[in-house]
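Chain by chain, the residues:
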Amino acid sequence: MSRVFVDGDSVKKPANSRKSSPSLSVGRILVYAFLIVVALISLLPFYSMIMSSTHANYAIATQLNLLPGNQFIANYKRLMGTVNIWRGFANDLLVAVSATVLTLYASALTAYGFSKFRFRGSKFLFGFVLASMMVPGQLGIIGFFREMHTLHLLNTYWPLIIPGIASAFNTFFIKQNCDSAVPDELIEAARMDGASEWYIFHRIALPLLRPPMSALGIFSFIGNWNSYMMPLIILFDNNLQTLPVMVAMTQSASSTDYGAQYVGVVISVVPIIIVFSILSRRIIGGLSVGALKG
Amino acid sequence: MASPMEKKSRYGLVFVAPYFIVFAIFGLYPILYSLYISFTNSNGFTSNFIGLQNYTRLLHDKFFYQSLWSTVVIWIISIVPQLIIALVLALILNEKFIKGRHFFRAVFYLPNIVTPVTIGVLADLMFDWQTGFVNKLLMALHIIKQPVYWFGHPFLAQLIVGGVICWQYFGYNMLIFIAGLQSIDSELYEAAEIDGAGKFQTAIRISLPLLKPVMMFTIITSIIGGIQIFDIPMMVGNAVGNATQTLIVYLYKAGFVNFDYGYAAAIAYATFVIIIILTLISLKVSNRKSAS
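All values derive from a computational prediction rather than experimental measurement.

1. Some remarks on the overall build of chain A
Piece 1. In terms of helices and strands, chain A carries 15 helices and 0 strands.
Piece 2. Put simply, chain A has 294 residues, and 39% of those count as buried.
Piece 3. Relative to all contacts within chain A whose residues are 6 or more apart in sequence, the contacts with residues 24 or more apart total 74%.

2. Some words on the nonpolar core
Piece 1. Ranked by size, the top nonpolar core spans 119 residues in total, and within it A90, F177 and I267 of chain B carry the most contacts.
Piece 2. For this core, the leading source of residues is helix α7 (residues 154-182) of chain B, giving 17 residues.
Piece 3. Composition of this core by domain shows at least three residues from each of domain 1 (2-72) and domain 2 (83-253) of chain A.
Piece 4. Excluding its chain neighbours within four sequence positions, the residues that come into contact with F177 of chain B are A86, L87, A90, L211 and V214 of chain B.
Piece 5. In this structure, F173 and F201 of chain A together with Y19 and F26 of chain B belong to the second largest nonpolar core, which totals 29 residues.

3. A few points about unusual backbone geometry
Piece 1. A positive phi angle, near 65°, is found at N155 of chain A, a position not held by glycine.
Piece 2. Within the secondary structure layout, N155 of chain A lies in the loop between α7 (141-150) and α8 (158-161).
Piece 3. For F259 of chain B, which is not glycine, the phi torsion reads 55° and is therefore positive.
Piece 4. Within the secondary structure, F259 of chain B sits in the loop between α12 (247-256) and α13 (261-291).

4. Notes on the confidence of the model for chain B
Piece 1. On average, chain B scores 87 in pLDDT, and the residues at 70 or more come to 94%.
Piece 2. Scored as a complex, the prediction yields pTM 0.87 and ipTM 0.87.

5. So, the packing of helix α9 (residues 168-181) of chain A against helix α12 (residues 210-226) of chain A
All names here are of chain A.
Piece 1. Direction vectors running N to C along α9 and α12 enclose 160°, while the axes themselves pass 10 Å from each other. In terms of orientation, α9 lies roughly antiparallel with respect to α12. Once α9 is placed against α12, the crossing between them reads as right-handed. Touching N170, F173, I174 and N177 of α9 are P212, M213, L216 and S220, all from α12.
Piece 2. Classifying every residue of the contact of α9 with α12 by side-chain character gives 5 nonpolar, 3 polar and no charged.

6. So, the interface of chain B and chain A
Interfaces are often sized by the accessible area lost when the parts come together.
Piece 1. If you look at the interface, chain B gives 74 residues, while chain A gives 72 residues.
Piece 2. Here the side of chain B that touches chain A takes 19 residues from helix α1 (residues 2-37) of chain B, the largest share from any one element.
Piece 3. Partitioning the side of chain B that touches chain A into residue classes produces 52 nonpolar, 14 polar and 8 charged.

7. Focus: the packing of helix α4 (residues 101-113) of chain B against α7 of chain B
All names here are of chain B.
Piece 1. Closest axis-to-axis distance for the α4/α7 pair is 6 Å, and the angle between their directions is 130°. It follows from the interaxial angle that α4 and α7 lie oblique. The chirality of how α4 crosses α7 is left-handed. On α7, the residues touching R105, F108, Y109, L110, P111 and N112 of α4 are W167, Q168, Y169, F170, G171, Y172, M174 and L175.
Piece 2. Along the lines of polarity and charge, the residues of the contact of α4 with α7 split into 10 nonpolar, 3 polar and 1 charged.

8. Remarks on the domain arrangement of chain A
Piece 1. What the domain assignment reports for chain A is domain 1 (2-72) and domain 2 (83-253).
Piece 2. When each unit is reduced to the centre of its C-alpha atoms, the spacing between domain 1 of chain A and domain 2 of chain A is 38 Å.

So, how was this worked out
Residues numbered from 1 in each chain as written. Chains lettered and ligands numbered in written order. Predicted model: local features only at pLDDT ≥ 70, side-chain atom pairs only at ≥ 80, totals over all residues. Helix = DSSP H or I, 4+ residues; strand = E, 2+ residues; numbered from the N terminus. Buried ≥ 20, exposed ≤ 12 C-beta atoms within 10 Å, placed from the backbone. Contact = placed C-beta atoms within 7 Å. Core = buried A, V, L, I, M, F, W, Y, C linked by C-beta atoms within 7 Å. Domains from an automatic or database assignment. pLDDT = per-residue confidence, 0-100. Axes fitted to C-alpha atoms, helices over the stretch in contact; angles between N-to-C directions. Parallel < 35°, antiparallel > 145°, perpendicular 65-115°, else oblique. Left-handed = near helix turned anticlockwise from the far one by under 90°. Nonpolar A, V, L, I, M, F, W, Y, C, P; charged D, E, K, R; others polar.

Encoded structure:
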């Protein structure tokens, strides 16, 4: 706030006013023009995608479509004839919600264990968690696939959901919060009253950890919802596939049917835009907090 | 005294145990197993120990170097403008006089949460030389007369993939930079204001140097992420000369199209080594700069 005040003050100064005030406004116009151009570049692909999805293949191939057409339903029907996109939507929702709930609960559990208990090797183990964050996800992918084959877990959702229990980033993030958000005195007092350790975690710590968990929850959900490579290699049955794989399938299944492909893209993107426009403040706030902590 | 402490500490282990059990099964074991597979000619049916043969094959594999080159080119095309745009936008949107700051932040960040594969499919559609929106738009604006065959030239194809990745990530980096700017002590700015420093000078002399740790964090995470790009190059292109075949796309094809698991595992380990080398180089460069 004080900077705004200082800012206004300097403009009012007579020595500055004649020169800086007009040049400042030209500068401001340029700045806004830049912001608007970048905003247009950010949004234009989404606009073009929605408009294209409402036109027949002939119109898509021959003209620039800046206004809506009336072929959306026809395109949609052809898409559904080759790829059951809503099945992918439902599968993706199931996987992403389960994986998010599980990773949040398990990460809170691990974070609480590291934050509130000193046990032999706890520092080493936490260092191990931090170090594992630096390992790229694709390093073990061949071994992961072969192991899932041996365990007969291929073509099931387990390999997409269970590994979330060992999320180094989520654990680290919640632990940083747990150190300050859950007071030791509260835990001690509960112990004095004879509460069990599980009761303390579930009834005292978990509610206090809700803010970092909800911020992480959004990003875990987005990450799982968008995940492509894992479902692609783990699932064989087309009816089990998640939305990203289904959208990718439209590219090969209807390679010259542009209208149908556009509809698939729209069905994948529009829900995200709607959810984001409702939750954008929380999502951006959560990301900024995460950036400062990390 | 000792016994309640011991009891407590045992609970600590109970709380962290699920993490390490799952990590051992789904994290560590696959990584070590991959290392073993990389010394075999495993194809799913047979598996013989062949020593370092996969790695010597890798060192003589033209397509591996091509993938490495494509990955690096696409990464550079995406990261350089990405950081510059993100930084400029962060400096602008950190100014309190800008109206609609939240709106702009949200709009710039939106591409980042959209499914990457979907963006890849969309980019492939939009840059199609006959039916794509981009050629139609450029022709309507009289910038080009003939449609451009975007995926016909290797560099153009890499430019598009890099550009799409830049488009997807500049907003994310902008938010990280804004968070970094907001953690800078406002007294520094007030002091600069009193000393008569202009906005531009303040940005160059105060904001940028203090943003360096955040920049380094961004560059290192973008190396780790950028070398592993898969979703978008997988969808965009099919261009001439494997121009958009990145390392991980090559890994995927070796492992899950050709079922050459041993070789795919070797590619994964080679990629890991490349990431480590690039990270160390960038750390060293940044340390040398700060020392001088």
